[in-house]
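Examination of the molecular architecture
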There are 2 protein chains.
Amino acid sequence: MSEGVEWGLHCCVTLAWLGDEEPVPAARLAERFQLPPAYLNKCLQALGRAGILTSTPGARGGFRLARAPERITLLDLVTAIEGPEEAFRCTEIRQRCAEANPASREFLRPCAIAAAMHKAELAWRKELAAQTLADLSAAAPRSARDAALRWFGRGEND
Amino acid sequence: MSEGVEWGLHCCVTLAWLGDEEPVPAARLAERFQLPPAYLNKCLQALGRAGILTSTPGARGGFRLARAPERITLLDLVTAIEGPEEAFRCTEIRQRCAEANPASREFLRPCAIAAAMHKAELAWRKELAAQTLADLSAAAPRSARDAALRWFGRGEND
DNA sequence: CCGAATCTGGATAAATATCATCCAGGATGC
DNA sequence: GCATCCTGGATGATATTTATCCAGATTCGG
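What counts as what
Residues numbered from 1 in each chain as written. Chains lettered and ligands numbered in written order. Predicted model: local features only at pLDDT ≥ 70, side-chain atom pairs only at ≥ 80, totals over all residues. Heavy atoms only, no water. Helix = DSSP H or I, 4+ residues; strand = E, 2+ residues; numbered from the N terminus. Rg over C-alpha atoms; globule rule 2.2 N^0.38 Å. Buried < 20%, exposed > 50% of the residue type's maximum accessible area, 1.4 Å probe, protein only. Areas by Shrake-Rupley, 256 points an atom, 1.4 Å probe, with all protein chains shown as cover. Lys, Arg positive; Asp, Glu negative; His and termini not counted. Charge placed at Lys NZ, Arg CZ, Asp CG, Glu CD. Least-squares fit on C-alpha atoms with pLDDT ≥ 70 in both. Contact = heavy atoms within 4.5 Å. Axes fitted to C-alpha atoms, helices over the stretch in contact; angles between N-to-C directions. Parallel < 35°, antiparallel > 145°, perpendicular 65-115°, else oblique. Left-handed = near helix turned anticlockwise from the far one by under 90°. Phe/Tyr/Trp six-rings, centres within 6.5 Å; stacked < 30°, edge-to-face > 60°. Buried area = accessible area lost by both parts, 1.4 Å probe. Salt bridge = Lys/Arg side-chain N within 4 Å of Asp/Glu carboxyl O. Near = heavy atom within 4 Å. Polar contact = N/O pair within 3.5 Å; in protein donor to acceptor, adjacent residues only side chain to side chain. Nonpolar A, V, L, I, M, F, W, Y, C, P; charged D, E, K, R; others polar.

Secondary structure assignment for chain A yields seven helices and two strands. Each helix (α) and strand (β) of chain A, taken in turn from the N terminus, gives the series α-α-α-β-β-α-α-α-α. Relative to the globule expectation of 15 Å for 158 residues, the C-alpha radius of gyration of chain A, 20 Å, shows a markedly less compact shape. C-alpha atoms of chain A, sized along the principal axes, occupy 70 × 30 × 25 Å. Taken across its 158 residues, chain A has 47% of its residues classed as buried. When the accessible surface of chain A is summed, it comes to about 7800 Å², and 51% of that surface belongs to carbon and sulfur atoms. When the 20 basic and 20 acidic side-chain charges of chain A are each reduced to a single mean position, those positions are 3 Å apart.

This part covers the relation of the copies chain A and chain B. For these two chains of identical sequence, chain A goes onto chain B by a turn of 180° and a shift of 0.0 Å along the axis, with RMSD 0.0 Å. One copy is carried onto the other by what is essentially a two-fold rotation axis. Among all residues of chain A, the one whose C-alpha sits closest to the rotation axis is A:Trp124, at a distance of 2.4 Å. In this assembly the copies share their binding face: 100% of the residues contributing to the interface of chain A also contribute to that of chain B.

What follows covers the packing of helix α1 (residues 4-18) of chain A against helix α4 (residues 74-82) of chain A. Residue and element names in this part refer to chain A. Across the interface, α1 lies against α4 with an axial gap of 9 Å and an inter-helix angle of 135°. Accordingly, the angle class assigned to the pair α1 and α4 is oblique. Helix-helix and strand crossings are classified by hand; for α1 and α4 the assignment is right-handed. Each of Gly4, Val5, Gly8, Leu9 and Cys12 in α1 lies in contact with α4, whose residues at this interface are Leu74, Leu77, Val78, Ile81 and Glu82.

All right, on to the packing of aromatic side chains then. Centre-to-centre distance and the angle between the planes together describe a pair of aromatic rings. Residues and elements named next belong to chain B. For the structure shown, the criterion picks out four aromatic pairs over all chains. Each ring, one from tryptophan 7 and one from tyrosine 39, has its centre 5.5 Å from the other, and the planes form 80°; the classification is edge-to-face. Here the residue tryptophan 7 occupies a position in helix α1 (residues 4-18), and tyrosine 39 occupies one in helix α3 (residues 37-49), the gap between them amounting to 32 residues. Judged by relative accessible area, tyrosine 39 falls into the partly exposed class, the value being 46%. Taking the centre distance of 4.8 Å and the plane angle of 75° together, the rings of tryptophan 151 and phenylalanine 152 count as edge-to-face. Owing to a relative accessible area of 10%, phenylalanine 152 belongs among the buried residues under this scheme.

Counting residues at the interface gives 48 residues for chain A, matched by 48 residues for chain B. Overall, the association of chain A and chain B removes approximately 4100 Å² of surface from exposure, summing both partners, and the carbon and sulfur fraction of that is 66%. Looking only at chain A, the three residues that lose the most surface to chain B are A:Glu6, A:Ile93 and A:Ile113, adding up to 15% of its buried area. One can count three salt bridges joining chain A with chain B. When the shortest N-O distance is used, the salt bridge between A:Arg32 and B:Glu99 registers 2.7 Å.

Moving on: the protein's contact with DNA strand C. Of all residues adjacent to DNA strand C, which total 25 residues, the nearest are A:Pro36, A:Ala59, B:Ala26, B:Lys42 and B:Ser55. A share of 61% of the atoms of DNA strand C within 4 Å of the protein falls on sugar and phosphate groups. At 2.5 Å, a side-chain N or O of B:Lys42 approaches a base oxygen of DNA strand C. The contact in question runs from a sugar or linking oxygen of DNA strand C to an N or O atom on the backbone of B:Gly58, over 3.1 Å. With four residues, the single largest contributor to the surface near DNA strand C is α3(B). Taken together, the residues of the surface near DNA strand C break down into 11 nonpolar, nine polar and five charged.

Here the focus is the protein's contact with DNA strand D. Near DNA strand D there are 26 residues, and of these A:Ala26, A:Lys42, A:Ser55, A:Ala59 and B:Trp7 occur at the shortest range. Counting only atoms of DNA strand D within 4 Å of the protein, the fraction found in sugar and phosphate groups is 62%. The contact in question runs from a sugar or linking oxygen of DNA strand D to an N or O atom on the backbone of A:Gly58, over 3.1 Å. Within the backbone of B:Gly58, one N or O atom sits 3.3 Å away from a base oxygen of DNA strand D. Broken down by element, the surface near DNA strand D gets its largest block of residues, four residues, from helix α3 (residues 37-49) of chain A.

The following block contains the structure:
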């Protein structure tokens, strides 16, 4: 799994803590986590296209959550970064057997192997869909949240 | 996920069908599925090191299942090919925050984000562990099994 | 005992994906 | 107007996956 998932998760949790009064520039988030600014920006763009973040261009612009943390699941995040394809992709090698006829009725139903892997993937997605950004923000220690608020200069308001 | 997982699964299901009276050379399995022989061999070697297959060198040698299909789970197979690492790997970017002190007590407990991803991964593994090679062999249509037996010249005995 | 078949493991190369940077263009606020 | 900041494309660096080849060891069959 690409590292952008981890970056995106940390950034979104941070954005959840900060609230959406004021957008946060990508460069500032990169600085916070010591990540490459240009590349982190690419990840945030992907989150924007997926409707998880909204971006505001221009001075004092940046990113903020597009909706309440309770309504953003980990599955949303992971799918936005990694894409919607499953980890296991069936290449239908059963149809490459010498005698196999691709038009055979046998191939109408899915490959049992692909079905088994798919079932596991569904379990994974279900678990991801069951956890929201709000859960993550709450699970982190208060000290982490407080430190973030201070670092971003939001300690006073919130 | 690497394609070797799919190859390994198909090969193992086939070996389950054939029984373990006689080992099957890697080259023959490659021919069956039209896969690159040398590279498929590497995958089978990995399954051998993982204790899923046993290999016998020399003429009339090849691979066979190391134990009954009921006792080989999909998790065994996937782990053998993909390795034991989790898909999401936490790089502890929370510790890279400017003010963070790596010795802090806060970092003794795992990162909430990593824990959430880990939970999903466990659900995936659990589902994989619940399915065995025997289940897969049984789920495939009889015609596929029969065709394999014929192709490998084992139609008469079994 | 010889030779063909076969696995083992290392070296290597090709193809692809991931990670990362840069830049031109457009939008926004001061 | 100008500094800030997102957007998207082009490009390059690095890592991983896929694939090949070969020398060495082992076994079978004659």
